[in-house]
Structure formats: C-alpha cells, structure tokens
Amino acid sequence: MALEDPVRGAASEALALRYGVDTPGEILWNDTIAGLLAHRSVRVFRPDALPERTIETLVAAAQSAASSSNLQLWSVVAVSDVARKQQLSVLAGGQKHIAEAPTILLWIADLARGRHVANEADEPHEGFDYFESFTVAAIDAALAAQNAVVAAESLGLGTVYIGAMRNRPAEVAEVIGLPPSAVVAFGLVVGFEDAERPAAVKPRLPQSVVLHRERYDLYSQGAGIASYDETARAFQASQGQPEVGWRALLINRGRGASSLHGRERLKDVLRTLGFPLR
Ligand SMILES: Cc1cc2nc3c(=O)[nH]c(=O)nc-3n(C[C@H](O)[C@H](O)[C@H](O)COP(=O)(O)O)c2cc1C
C-alpha cells in the first residue's frame, strides 16, 4: 500500500478544517498557504508582553502591503498601556481580550496627514473630502493590517480584529489623540494565545458559493449555503456554542440598526470627525 504523500495529507487536513465536507479538492500547497489556511481569531491571551521588535516587524509587514497610488493613507497606533487598553475594552462593548492581551494595534484611516502636507504647501485638499478618499484609506488600512496578521501568526502570535472600535469612534479618537480627518477603522489585538484554551479553525462557505467564473450567479448558491449551515452548526456544537448555524447570523445582522451596536450612526460621526464623505 502506498504511503500517503505527507504534503497532500497536510493540505487535505487543512482544507477539511477550513471547509468541513465541501472542500475544493486539491489545491496548490506551500508554507505560506499552510499558514494562511491555519488562521484562527484568538480571544484568550496570556498577559506576556510582545517580544522586542515585534511591533516594528508587524508594521514592516503591514507597510509592505500594496497601497492605492502609494498614498499610504493609513497609520497605526500601538496601545500597550494597561489603563488605555481598559478604556478601549469598555468602548468596544466590554471585549475583555483587549484588556487581557499585551497590545492592541489601532488601524487608522488617515486623511489628516494628507491634509497637513497640503496645508503646509499652501495647497487645497478638497479631494480628501470625498467618500472615495475615505474608502481608499479604509482599504489601505485593511490590507496593511492583514499583512500584520499573517506576520504575527508566522511568529507564533495570535490576533483578533476589533470592528467594535467603530461603536464609539469619537471617544476612541479622543483616547489616542487623533486629529480631525483620522479615525480608527478597526483594532487588532495581538498577543500569545493561552494554550489551555486554543481557538479552532472556523469553517468557511464552500467555494461553490463565493467563487464565480466570468459572471456572478446569485441563484446557484442555495445548496452550498444549506450545506454550510450544517457545517456551521457542527462547528458551533464542537465549540460548546449555541447551534444557530450561519444563515441566522447573517439574517440577524441584516435585520435592522439595533444589531450594529452604534455603528448605524457611523456616517454622521465620521462627518463630525473631519470626513465630509461627499
Ligand atoms: C473587520 C473585522 C472586525 C472584527 N471585529 C471583531 C470584534 O469586534 N470582536 C471579535 O471578537 N471578533 C471580531 N472579528 C473576528 C471575526 O469574528 C472572525 O474573523 C470571524 O468570526 C471568523 O473567525 P476566524 O477569524 O477565527 O476565522 C472581526 C473580524 C474582522 C475581519
């Protein structure tokens, strides 16, 4: 009997965790792809500080992401101060991992620098008033942060994004002294996972749902979504979570403003923070 190819074995194991039953079959494989497929959000951290040079390393990885027109319309604020992390934890609806982990990186959609540079040159900066500029800044920040996630995981660190930093963006801006036209797009908690309570790889939708060839098809997705609902239920059961499936999560999020935790006011708040969003 032929022994199983260890590389293929690793790939199919990783795909089974990522998709449950509906795996895409074989994929190409290397260490980078293995690292990406093993991603898990970590929410239980040891209090240990990050090793020296970690933040600089993550930021170098982040800055290596592509940036729209190389404008680099993002910044990052690293917060490790215990009291400040506690404030941020409260502002994010009491997410305790923010207080417990050694550091949270706050990713800023930053049009302040552009306005400042233009002001110093006595030039207009009306282009930064447009919704498009905010969108570019938010995309740039997200691409940068995801590179930091990949770098952190490659170093044996765990991370979790904190979209709840947008629940109360004006207060968050105050805590870290942001100027007008700069806002925290999201946070990223970084630290060492508590090995006693490890997070699991969370399955994703089958590729039959998300991958379209040449033209998008909304109506072919039902079977894959139904199958994923079962996969999500099984995953939730394995984690001791309520077995609600995935459709219910999606429907609840879309139901109304109350599921947005304050973020339903985001556009208005952004306008007060120096983003006219024209
Ligand atoms: C932009 C963004 C914001 C998020 N915000 C939060 C958050 O506020 N709190 C949290 O615990 N997880 C947050 N997450 C983590 C997601 O819940 C998580 O990525 C998702 O459930 C998939 O799980 P996985 O990352 O372990 O694969 C966020 C993720 C993203 C991408």
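Everything discussed here concerns the structure shown above.
Keep in mind that what you see is a predicted model, and the values were worked out from it rather than measured.

A. Region of the structure containing the overall build of the protein chain. The helix and strand tally for the protein chain stands at 12 helices and four strands. Compactness check: the protein chain gives a C-alpha radius of gyration of 21 Å against a globular reference of 19 Å for 278 residues, within 12% of the reference. For the C-alpha atoms alone, the extent of the protein chain along its principal axes is close to 75 × 45 × 35 Å. Looking at the protein chain alone, contacts between residues at least 24 apart form 73% of all its contacts between residues at least 6 apart. A total of about 15,800 Å² of accessible surface is found on the protein chain, and carbon and sulfur atoms cover 55% of it.

B. Layout of the site of the ligand. Taken together, 13 residues are adjacent to the ligand, and H39, S41, R43, G163 and K202 come closest. Contacts to the ligand include S41, whose side-chain N or O atom sits 2.6 Å from an oxygen atom. One of the side-chain nitrogen or oxygen atoms of R43 is found 2.6 Å away from an oxygen atom of the ligand. Taken atom by atom, the bulk of the ligand overlaps the largest pocket. Residue composition of the shell around the ligand, grouped by class: four nonpolar, five polar and four charged.

C. Focus on helix α6 (residues 112-120). Every buried residue of α6 is listed here: A112, G114, R115 and A118. Projected down its long axis, α6 carries its buried residues within an arc of 165 degrees, all on one side. Opposite the packed face of α6, turned more than 90 degrees from it, sit the exposed residues V117 and E120. Contacts made by the buried residues of α6 are with β2 (103-110) and β4 (182-191). Of the residues trailing α6, D122 is marked for its positive phi of about 60 degrees.

Definitions and cut-offs
- Sequence order as written defines residue numbering, which begins from 1 separately in each chain.
- Totals for whole chains, interfaces and linings use all residues, but because this is a predicted model, local features are given only for residues with pLDDT of at least 70 and pairs of side-chain atoms are given and counted only at 80 or more.
- Side-chain measures were taken over the full set of non-hydrogen atoms in the model, leaving aside hydrogen atoms and water.
- Counting from the N terminus, the helices are DSSP H or I runs at least four residues long and the strands are E runs at least two residues long.
- For the radius of gyration, the atoms used are the C-alpha atoms, and the globule rule reads 2.2 Å times the number of residues raised to 0.38.
- Throughout, a contact is declared for two residues whenever any of their heavy atoms are within 4.5 Å.
- Only the protein chains shown count as cover for residues, and the accessible areas themselves come from Shrake-Rupley with a 1.4 Å probe.
- Nearness is defined per residue: one heavy atom within 4 Å of the molecule or strand is enough.
- Polar contact is the term for a pair of N or O atoms within 3.5 Å; when the atoms are in protein, one must be able to donate a hydrogen and the other to accept it, and sequence-neighboring residues count only if both atoms are side-chain atoms.
- Using only the protein atoms, space was sampled on a 1 Å grid; points where a 1.4 Å probe fits but cannot get out form cavities, open sets with protein on both sides within 12 Å along at least five of seven lines form pockets, and lining residues are those with an atom within 4 Å of a point.
- Just a note on the criterion: a molecule sits in a pocket or cavity if more than half of its atoms are within 2 Å of the grid points.
- In this classification, Asp, Glu, Lys and Arg are treated as charged, Ala, Val, Leu, Ile, Met, Phe, Trp, Tyr, Cys and Pro as nonpolar, and every other residue, Gly included, as polar.
- Each residue is assigned to one of three classes by its accessible area relative to the maximum for its type, calculated with a 1.4 Å probe on protein chains only: buried under 20%, partly exposed between the two thresholds, exposed over 50%.
- The arc in question is the one spanned by the directions pointing from the helix axis to the C-beta atoms.

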